[in-house]
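This is what each chain is made of:
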Amino acid sequence: PRTETEGNWLLTILRIPMQSSNPQIPFITVPIGIITNNDIIVSVCYHRTELLPDFIQHTRRKNICVNNKLELILRLIYSSAVWFLKYLKQINNEQINLDISAAEKELERSIRNEDLLRLMKLQKTLVYFDTSIRGNEVLIGRLKNIFQNTGMLDMELLDDAVIELRQAYNTVNIYSDILTGTMDAFASIISNNVNDIMKRMTSLSITLMIPTVIASFYGMNVNIHLDSFPHAFLFIVLLSAAISAGTFVWFRRIKWF
């Protein structure tokens, strides 16, 4: 967001939110340019957004009289802050709750990264919102310096726009902190799930290795002192099974299974 002046013309570029057609990111921000002089207003935006039609309808419905080009810019910035808050509310009510709830159901046994990737999509949106809101707030300070001595500055409208932007900025930070903490917790739990699986696999390998070791010893071409015993094979099998069962019980007692 920035502003340029040439003669009586004022070019103001600010960023506004909009719904994204990309399923990977629910909302994005796009630049919009407002070119004004005392009589002419030209808006330039590459995307079709909901903000401008809503702004025009709201102005007509409330019979708001825009007295000068600075007031128009401030009202647009104020409207952009309102739309930031509107989309943030949708993220909170729909996206965050659904994604976290869905991820929590799978989290107890999950070892995949899909649960984290779903939350990263929302994190990207919040980063875009954070950058754009801060840029619009800096733009207000620039406009205040330019029009401070022109008589066009409506301090009440300026304060309203600043308060609305700060509220949106604080909301973005809160949601971002929540998502960051949730993603860190999910990553730790997924790592613990992987460690738990590896522990179980190791315990199972040790349990199955015991019969293999016994069979290897008794399969050597040496005197095993059971040559004349009529049930030597059954004895060895039962001994292997007993030791394996004891090992399994011990692993269960120390919660390795």
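Refer to the structure above for everything that follows.
The following paragraphs examine the structure supplied in this document. Note that the structure is predicted; figures quoted are calculated from it, not measured.

## Examining the overall build of the protein
Piece 1. Broken down by element type, the protein carries 5 helices and 4 strands.
Piece 2. Along the protein, helices and strands appear, N-terminal first, in the series β-β-β-β-α-α-α-α-α.
Piece 3. In the protein, which comprises 257 residues, the share counted as buried stands at 35%.
Piece 4. Long-range contacts, defined as pairs at least 24 residues apart, comprise 70% of the intrachain contacts of the protein with a sequence gap of at least 6.
Piece 5. Roughly 15,900 Å² of accessible area belongs to the protein as shown, and the carbon and sulfur atoms make up 56% of that amount.

## Focus on the sheet that holds strand E1 (residues 2–6)
Piece 1. With antiparallel pairing, 4 strands are arranged side by side in an open sheet as E1-E2-E3-E4. In the strand order of this sheet, the two ends are held by E1 and strand E4 (41–44), each with one partner. Averaged over all neighbouring strand pairs, the angle between strand axes comes to 25 degrees, with direction disregarded.
Piece 2. Pairing analysis gives 5 bridges linking E1 to strand E2 (residues 9–19), with the strands arranged antiparallel. Paired with Glu-4 across the strands is Leu-11, a residue of E2.

## As for the environment of Ser-240
Piece 1. Looking at the secondary structure, you find Ser-240 in helix H5 (residues 232–253).
Piece 2. According to the relative accessible area criterion, Ser-240 is buried, its value standing at 8%.
Piece 3. Considered as a pair, Ser-240 and Ile-210 are 30 residues apart in the sequence and their alpha carbons are 6.7 Å apart.
Piece 4. Excluding anything up to four places from it in sequence, Ser-240 contacts Pro-211 and Ile-214.

## As for the packing of aromatic side chains
Piece 1. Under the criterion given, the structure shown has 3 aromatic pairs.
Piece 2. Judged by centre distance (5.6 Å) and plane angle (55 degrees), the rings of Trp-83 and Tyr-87 are tilted. Taken together, the positions of Trp-83 and Tyr-87, both in helix H2 (residues 69–107) and 4 residues apart, correspond to about one turn of that helix.
Piece 3. One aromatic cluster is present, built from ring pairs that chain together Phe-27, Trp-83 and Tyr-87.

## Some points on a negative patch on the surface
Piece 1. There is a patch of like negative charges on the surface, built from Asp-154, Glu-156, Asp-159 and Asp-160.
Piece 2. Counting through the fold element by element, Glu-156 comes out in helix H4 (residues 155–218).

## A look at the pattern of salt bridges
Piece 1. As enumerated under the stated definition, the model contains 6 salt bridges in all.
Piece 2. With its nearest N and O atoms 3.2 Å apart, the salt bridge here joins Arg-2 to Glu-4.
Piece 3. The partly exposed category is assigned to Arg-2, whose relative accessible area is 43%.
Piece 4. The exposure class of Glu-4 is partly exposed, given its relative accessible area of 40%.
Piece 5. Across the pair Glu-71 and Arg-75 runs a salt bridge, and its minimum N-O distance is 3.1 Å. Of this pair, Glu-71 and Arg-75 both sit in helix H2, 4 residues apart, roughly one helical turn.
Piece 6. Relative accessible area serves as the criterion here: at 23%, Arg-75 is assigned to the partly exposed category.
Piece 7. When salt bridges that share partners are traced, they join Asp-196, Lys-199 and Arg-200 into one network.

Definitions and cut-offs
- Residue indices follow the written sequence of each chain, beginning from 1 at its first position.
- With pLDDT at 70 or above as the cut-off, local features in this predicted model cover only qualifying residues; side-chain atom pairs require 80 or more to be listed or tallied, and sums for whole chains, interfaces and linings still use all residues.
- Hydrogen atoms and water are omitted, and side-chain values are computed over all heavy atoms in the structure.
- Going along the chain from the N terminus, every DSSP run of H or I of four or more residues is numbered as a helix, and every run of E of two or more is numbered as a strand.
- Accessible area is worked out with a 1.4 Å probe on protein chains only. A residue is then buried under 20% of its type maximum, exposed over 50%, and partly exposed in between.
- For this analysis, residues touch if any pair of their heavy atoms sits within 4.5 Å.
- Using a 1.4 Å probe, accessible areas were evaluated by the Shrake-Rupley method; residue-level cover was limited to the displayed protein chains.
- The pairing criterion for strands is at least two bridges between them, as found by DSSP.
- For helices, the fitted line uses only the C-alpha atoms of the stretch in contact; every axis is such a line through C-alpha atoms, and the angle between N-to-C directions lies from 0 to 180 degrees.
- Geometry of aromatic contacts follows a simple scheme: Phe, Tyr and Trp rings, the Trp one being its six-membered ring, pair when their centres are within 6.5 Å, and the pair is stacked under 30 degrees between planes, edge-to-face over 60, tilted otherwise.
- What makes a patch is a set of residues exposed beyond 30% relative accessible area and free of salt bridges, joined within 9 Å when like-charged and within 5 Å when nonpolar (Val, Leu, Ile, Met, Phe, Trp, Tyr).
- Criterion for a salt bridge: a side-chain nitrogen of Lys or Arg within 4 Å of a carboxyl oxygen of Asp or Glu.
- When charges are counted, Lys and Arg are positive and Asp and Glu negative, with His and the chain ends excluded.
- Each charge is placed at NZ for Lys, CZ for Arg, CG for Asp and CD for Glu.

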